[in-house]
Amino acid sequence: MKIVFRFLSLCLLLIISESVAYAQYFNTGQDPASISWQQINTKDFQIVFPAAYEQKARYMAAVFQDLLAKGGKDLQHQPKKFSVILHTYNATTNGMVAWAPKRMEVFTTSPQDNDAQLWIDHVATHEYRHVIQLDKIEQGFTKALNFIFGQQVTVVVVGMYLPPWFLEGDAVCTETALSESGRGRFPAFEQELRAQLLEKGMYSYDKAVNGSYADFITDRYKLGYYLVGKARTNYGDQLWRNTLNRVARRPFGFTSFASGIKKGMQANRDAVFQRLQAQQKKLVAQGVNVEEIDWKAVQEKNKHADGKLLLYADVMKELEWEWKAQDAKTIKSQFVPLSNREQIYTNKRYPHVKENGAIIVYKSGLADEGYFESLNKAGVATKLFTPGFIYYPGFDYQQGKLLWTEQKDNIRWEKSDKSILVTYNTQTHKRRTYKIANSCFAPVYSPDGNQILTVEVDKSGNNTLVVLNEQSGQIVKQYPAKGEEYFITPKWMPDGKSVVMILLNKQGKQLVAIDLATGKRKTLFEAGKHDIAQVAIGGDNIFFTAAFSGIDNIYAYQLSNGKVWQVTSSRFGATDACWYNHQLYYSDYTSDGYIPVRIDLQKTDWQEWKQHFEPFPLAEALSNQLGEKMEADTTNLERFQVKNYSKTTHLFNIHSWAPVFIDGLDSQADVGVSLASQNKLSTLMTTIGYKKEQGFDHGQFYANLSYRGWFPIIDSKLTVGDRNNNYLALANRISPPQVDTVLVNTAWRQWEWENSIRLPLTLSRGQFTSQVIPKITYNYVKFADTFTQPLAIHTNSNLALGQYNITDRDQTQEIMEYQLFAYNIAKSSPRDVQYRWAQILELNYRHTPFGDASLGETWSAESHLYFPGFQRHHGIKLYGGYQYRSSHNSRYGNMIKSPRGTQDLFGENIYMLGIDYAMPLFYPDWNLGALAYFKRINFDAFFDYGYEQSKIPNGDDQLFNSVFDSFSFGGEFNTDMHVLRFPAPVNFGLRLGYESQSNGIFASFLLTFALNSF
């Protein structure tokens, strides 16, 4: 009985859960249709890739072969066979694992801020760990549910019980433990949390995992690394192994994850605090000015029943103490701040000096959408220009011109974006882009400003150092990388004859100079697996950011003698070096964000670097505990056989099914059965099933598909079901001949086939995200096998029900709809309650040019216009809509809005106007236990006005005009919140207003949530 109850509970969960529909078709877009695909298919994994990427795909196969036994060693798990899709046409750098359908997707472009290992090694290790996590959940009772529901049930279990910080933190631990690099050895990776703990203290668990609009919160990767990593090293591998087993075997135990953590901590928690007490005693004996803590009292004070909160409080206190000890031993540099710390978290990065002594920075943060700003010597700020979404490492400046790279979307294919070169003239206020075949990164001006140096990355992932003519944009020189080499942040030497850059290869990172005339290289300095980044040139020195001290600092390689010097000693992190007139400008991190600072190099006491690399204790502990390092065998890559991958024969990939009806394409759920398919390239998505649709006798057969592998997207949906209806009708009695009013029943089989073609054209440029989507829909409805029979006579007649001459015939309705949807949306800051600037337009026209029935016609136009409000983060929204509906037999519903709180307007001509003023009220960051966490309270004042013109028949079958108008006004209070610590944000609100239709007050609750925003 318990098993039956659990089964029925899950069925109910699947019916009501939007998360299942969303998870069924997790789709990040499509690659260009012109790509020829190949595959490497082994018994353990399949790699699908564009033909031009063959050699690197073989290398990745060797990496996965090595990871099979090592990647899940601590969890004692090796996953079932998995598929990997490589996207090589992107400038985007990323990776992801989805489970409905089960696959890994890797975006292969090596980033400029990569750690000291190859990007393929990094992303393969991280994403493979996600495969292990999800595959391990498919055991016990969850495995039984997989037989009933397919892969989608794994997504539900993981989404409901495993917090994102665990999934990402665990993967970062693995990428760090299996390598000599990894983000666990990145000072910038820890600096956000370290600065918060030392300057602002520990936040509540809910605030730390769900975010805040009041304060900056580090992301799930960084928080998760320390929570997962400390749990591993303090309590052993068995803690997470047993916790995942517990979740998988008890998917209906809503506290399985939390209780698993708590149970895993119980046996060794006393020893952990005793070790901390001993470490503290040792440091005090060494004379370190560290806070002395009664660790026994800390342990006893933390009595959280929830294992997640217990672990969080313990780890944050341990980290705070460790970082305070590190802070006490750090001698901080003196510098001149060029901007005050702002009250709201703000980054001012990549300082460059103008000719008049002012500096230019890129400003972003909680309250800023990301733009270039000029700061004069008095610190007065002037906004210069808002670019698009810029790539690391920021921008360059020369002779009044800004230079950077930003994302440029492909007009159709989501997985074919580019990184383009952009300049902005601060004097003429003109923006210019350069047309280059491939993506470009890290551009810099030559010393005279006549040339541009950049790193070009082709669709095979190969790097080339390119020199362009600044005026014409023509390529002057090219220097290709060798094999698995990647060029990072190149800079011109002052003479313009050579360049210096960071070179990344299998050995790690090196500082390299290239003679532009001969192409000869010279290795200046080898950092190996220790991270270095962001080269800057000044005098006899090459400045760079390095992780040698355990904190990001700026170092200098001295050209005249080859020595390396530590130039800064920052509390939390120094980066973005810029040399100008014997002064060094850089960005210094604080808990309120980066601020630009300056030091006088002539007065700075540099410390010669003595080849000492400060260790990263947690990273080394994780490596030692795992006892494995990634060592892929790349000596014979030909052992991985490459074959063609046919898009045609792999159109279908059935991944989920259920004894309930779920359609992820249309976000529907009902009683019934369903089967879902999505191929590995995400070009065809299909749902087939049966659902108990209301109004149908025995439900509906249902088939829905969307093909997105061509330039236009083709959608087709077919439904079939039997219906019947009772109604009063006039019928001709055969004997005696007369007309009766009779209750009749008509039964028929209804076929509905809806087909549409749409063309999503992305026209984004700069800070504006723009798209135009024309769409044509043909909807064919057939009423077949019609049969009508009389049921009862409804007239004042003494005759009984007789025989009637009733003629049945099949009918069709053929509806054509034409739609144009377009939007243009500017970048917004996180605190903005709505779009800052946006225009959204929709045009619709419906009619029935074919078929047996004429349903009239309807056309409409509506627009949404967004403007900034009178205060920061406030917003004004204007709505306008017009609809024409023919008075002849029109059965179409409204396509535009009606005033809020009123009944829909219904007339031949409808006009609607609306205005909203939205504002944030406050940011409480308050949680009601585990029930809810409230991040922001908003208020929206609105006024709506509707007007309709109709033609109404009178008793003489004549039409006369009727005019009606109505309005409503009021306010909406809503809150951005998280419920039951579920990561998907929820917006819940209350609308109160007055409407003129009935001269009454109305109220309604508002609820929205976004599963794609966590």
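What counts, and at which threshold
- Residues numbered from 1 in each chain as written.
- Predicted model: local features only at pLDDT ≥ 70, side-chain atom pairs only at ≥ 80, totals over all residues.
- Heavy atoms only, no water.
- Helix = DSSP H or I, 4+ residues; strand = E, 2+ residues; numbered from the N terminus.
- Rg over C-alpha atoms; globule rule 2.2 N^0.38 Å.
- Buried < 20%, exposed > 50% of the residue type's maximum accessible area, 1.4 Å probe, protein only.
- Contact = heavy atoms within 4.5 Å.
- Lys, Arg positive; Asp, Glu negative; His and termini not counted.
- Charge placed at Lys NZ, Arg CZ, Asp CG, Glu CD.
- Salt bridge = Lys/Arg side-chain N within 4 Å of Asp/Glu carboxyl O.
- Axes fitted to C-alpha atoms, helices over the stretch in contact; angles between N-to-C directions.
- Parallel < 35°, antiparallel > 145°, perpendicular 65-115°, else oblique.
- Nonpolar A, V, L, I, M, F, W, Y, C, P; charged D, E, K, R; others polar.
- Phe/Tyr/Trp six-rings, centres within 6.5 Å; stacked < 30°, edge-to-face > 60°.
- Lys NZ or Arg CZ within 6 Å of the ring centre and 35° of its normal.
- Pairing = 2+ DSSP bridges.
- Core = buried A, V, L, I, M, F, W, Y, C linked by side-chain atoms within 4.5 Å.
- Domains from an automatic or database assignment.
- Left-handed = near helix turned anticlockwise from the far one by under 90°.
- Patch = residues over 30% accessible without salt bridge, like charges linked within 9 Å, V, L, I, M, F, W, Y side chains within 5 Å.
- Areas by Shrake-Rupley, 256 points an atom, 1.4 Å probe, with all protein chains shown as cover.
- Expected span 1.5 Å × (residues − 1).

Trainee: Lay out the overall build of the protein chain with the relevant residues and their values.
Mentor: Across its full length, the protein chain carries 16 helices and 51 strands. Against the compact-globule benchmark of 31 Å for 1014 residues, the protein chain has a radius of gyration of 33 Å, which places it among compact chains. Counting only C-alpha atoms, the protein chain reaches 120 × 70 × 60 Å along its principal axes. A buried classification covers 57% of the 1014 residues belonging to the protein chain. For the protein chain, the proportion of contacts with a sequence separation of at least 24, taken over those separated by at least 6, is 60%. One finds the centroid of the 105 positive side-chain charges in the protein chain at a distance of 4 Å from the centroid of its 102 negative side-chain charges.

Trainee: Would you mind going over the environment of glycine 394 in detail, with residue names and values included?
Mentor: When you line up the elements, glycine 394 lands in strand 11 (residues 390-398). Glycine 394 sits 45 residues away from arginine 349 along the chain, and the two C-alpha atoms are 7.9 Å apart. If we ignore the near neighbours within four places in the chain, the residues touching glycine 394 are Tyr350 and Trp404.

Trainee: Which residues make up the pattern of salt bridges, and what are the values?
Mentor: Counted by the stated rule, this structure contains 63 salt bridges. Between arginine 981 and aspartate 206 there is a salt bridge, and its shortest N-O distance comes to 2.9 Å. Of this pair, arginine 981 sits in the loop between strand 49 (959-979) and strand 50 (986-995) while aspartate 206 sits in helix 9 (residues 205-210), placing them 775 residues apart in sequence. Here arginine 571 and aspartate 327 are joined by a salt bridge, their closest N and O atoms 3.0 Å apart.

Trainee: Outline the packing of helix 8 (residues 187-199) against helix 10 (residues 220-235), listing residues and values.
Mentor: Here helix 8 crosses helix 10 at 85 degrees, and the two axes come no closer than 9 Å. On the basis of the axis angle, helix 8 is roughly perpendicular to helix 10. Counted together, Ala188, Phe189, Glu190, Glu192 and Leu193 of helix 8 and Tyr221, Lys222, Tyr225 and Tyr226 of helix 10 form the full contact between these two elements. Residue composition of the contact of helix 8 with helix 10, grouped by class: six nonpolar, no polar and three charged.

Trainee: Tell me about the packing of aromatic side chains, and please be specific about residues and values.
Mentor: Applying the stated criterion across every chain, the model contains 58 aromatic pairs. Relative to phenylalanine 783, the ring of tryptophan 748 has its centre 6.2 Å away and its plane inclined at 65 degrees; by these criteria the two rings are edge-to-face. With a gap of 35 residues between them, tryptophan 748 in strand 39 (residues 738-758) and phenylalanine 783 in strand 41 (residues 768-793) connect regions that are remote in the sequence. Among the aromatic residues, those joined into a ring-pair cluster are Tyr350, Tyr362, Phe372, Phe385, Phe395, Trp404 and Tyr424. For lysine 897, the ring lying beneath its charged end belongs to tyrosine 879, and the centroid distance is 5.1 Å.

Trainee: Account for the pairing of strand 38 (residues 713-733), naming residues and giving values.
Mentor: On any regular strand, side chains alternate: one points to one face of the sheet, the next to the other face. Inspection of the sheet shows strand 37 (residues 700-707) paired to strand 38 by eight bridges, in the antiparallel sense. Looking at the pairing, asparagine 704 lines up with lysine 717 of strand 38. Here strand 37 folds back onto strand 38 in antiparallel fashion, the turn holding five residues. Across 21 bridges, strand 38 lies against strand 39 in antiparallel orientation. Its bridge partner being in strand 39, serine 716 is matched across the sheet by asparagine 755. What sits between the antiparallel neighbours strand 38 and strand 39 is a turn of four residues.

Trainee: How would you sum up the side chain of lysine 877? Please name residues and give values.
Mentor: With respect to the helices and strands, the residue lysine 877 is situated in strand 45 (residues 875-885). Despite being buried, lysine 877 has no salt bridge partner; aspartate 916 is the closest side chain of opposite charge, sitting 4.8 Å away. If sequence neighbours within four positions are ignored, lysine 877 has contacts with Gln834, Leu865, Tyr866, Gly914, Ile915 and Asp916.

Trainee: Hey, could you go over the nonpolar core for me, with residue numbers and the actual values?
Mentor: One finds Ile47, Phe64, Trp165, Trp240, Leu511 and Phe544 to be the most contacted residues of the largest nonpolar core, which totals 123 residues. A total of 10 residues in this core trace back to one element, the largest contributor, which is helix 15 (residues 307-329). A domain-level breakdown of this core finds at least three residues from each of domain 2 (31-331 + 621-626) and domain 3 (336-620). In this structure phenylalanine 64 touches Phe45, Ile47, Phe82, Val84, Met104, Ala124 and Tyr128, once residues within four positions along its chain are discounted. Tyr479, Val499, Val512 and Leu516 belong to the second-largest nonpolar core, a separate cluster that totals 19 residues.

Trainee: Can you tell me about the sheet that holds strand 25 (residues 553-558), naming the residues and giving the values?
Mentor: A sheet is described by the order of its strands in space; here five strands give the open sequence 23-24-25-26-30, paired in antiparallel fashion. Across the chains shown, the open sheet's two edge strands, defined by having one partner strand only, are strand 23 (532-538) and strand 30 (607-608). Of the pairings in the sheet, the one linking strand 23 to strand 24 (residues 541-546) comprises five bridges and is antiparallel in character. Bridge pairing links glycine 538 to asparagine 541 in strand 24.

Trainee: Before we move on, can you summarise the side chain of lysine 230 with the specific residues and values?
Mentor: Here lysine 230 lies in helix 10. With relative accessibility at 7%, the residue lysine 230 sits in the buried group. Excluding anything up to four places from it in sequence, lysine 230 contacts Tyr225, Tyr235, Val315, Glu318, Leu319, Glu322 and Leu618.

Trainee: Summarise the packing of helix 3 (residues 54-70) against helix 4 (residues 119-137); cite the residues concerned and give the values.
Mentor: Relative orientation of the contacting elements helix 3 and helix 4 amounts to 45 degrees, with a least axis distance of 10 Å. When the axes of helix 3 and helix 4 are compared, the pair comes out oblique. Handedness of the crossing formed by helix 3 with helix 4: right-handed. Listed contacts from helix 4 to Lys56, Tyr59, Met60, Val63, Phe64, Leu67 and Leu68 of helix 3 are Ile120, Asp121, Ala124, Thr125 and Tyr128. By residue class, the composition of the contact of helix 3 with helix 4 is nine nonpolar, one polar and two charged.

Trainee: Tell me about the sheet that holds strand 14 (residues 430-434), residues and numbers included.
Mentor: The strand order 11-12-13-14 describes an open sheet built from four strands, whose pairing is antiparallel. Of all the strands in the sheet, just strand 11 and strand 14 have a single pairing partner and so form its edges. Looking at each pair of strands side by side, their axes are set apart by 25 degrees on average, direction ignored. Two strands pair when backbone bridges link them, and strand 11 and strand 12 (residues 401-408) are joined in this way by five bridges, in the antiparallel orientation. Looking at the pairing, isoleucine 390 lines up with glutamate 406 of strand 12.

Trainee: I'd like a rundown of the domain arrangement of the protein chain, residues and numbers included.
Mentor: Here the domain parsing of the protein chain yields domain 1 (1-30 + 654-709), domain 2 (31-331 + 621-626), domain 3 (336-620) and domain 4 (828-1013). When each unit is reduced to the centre of its C-alpha atoms, the spacing between domain 1 and domain 2 is 31 Å.

Trainee: Describe unusual backbone geometry, naming the residues involved and giving the relevant values.
Mentor: Following alanine 100, the chain continues to proline 101 via a peptide bond in cis, the omega torsion being 10 degrees. Within the secondary structure, proline 101 is located in the loop between strand 4 (93-99) and strand 5 (102-108). Following tyrosine 392, the chain continues to proline 393 via a peptide bond in cis, the omega torsion being 10 degrees. In this structure, proline 393 sits in strand 11. One non-glycine residue, glutamine 76, lies in the positive phi region at around 55 degrees.

Trainee: Would you mind going over a nonpolar patch on the surface in detail, with residue names and values included?
Mentor: A surface patch of nonpolar side chains, amounting to about 420 Å² of accessible area, comprises Ile654, Trp657, Leu675, Ile688 and Phe701. Locating phenylalanine 701 in the fold gives a position in strand 37.

Trainee: Can you break down helix 15 residue by residue, with the values?
Mentor: Over its 23 residues, helix 15 extends 33 Å from the first C-alpha to the last, a length consistent with the 33 Å expected when each residue adds 1.5 Å. Taking burial as the measure, the 23 residues of helix 15 include 17 buried ones, the bulk of the element.

Trainee: Tell me about helix 8, and name the residues and values.
Mentor: A rise of 1.5 Å per residue sets the reference length of helix 8, with its 13 residues, at 18 Å; its end C-alpha atoms lie 17 Å apart and thus fit the reference within 8%. With 11 of its 13 residues buried, helix 8 lies for the most part within the structure. All of the buried residues in helix 8 are Pro187, Phe189, Glu190, Gln191, Glu192, Leu193, Arg194, Ala195, Gln196, Leu197 and Leu198. Buried residues along helix 8 sit in contact with helix 7 (164-177), helix 10, helix 15, strand 28 (583-590) and strand 29 (593-600).

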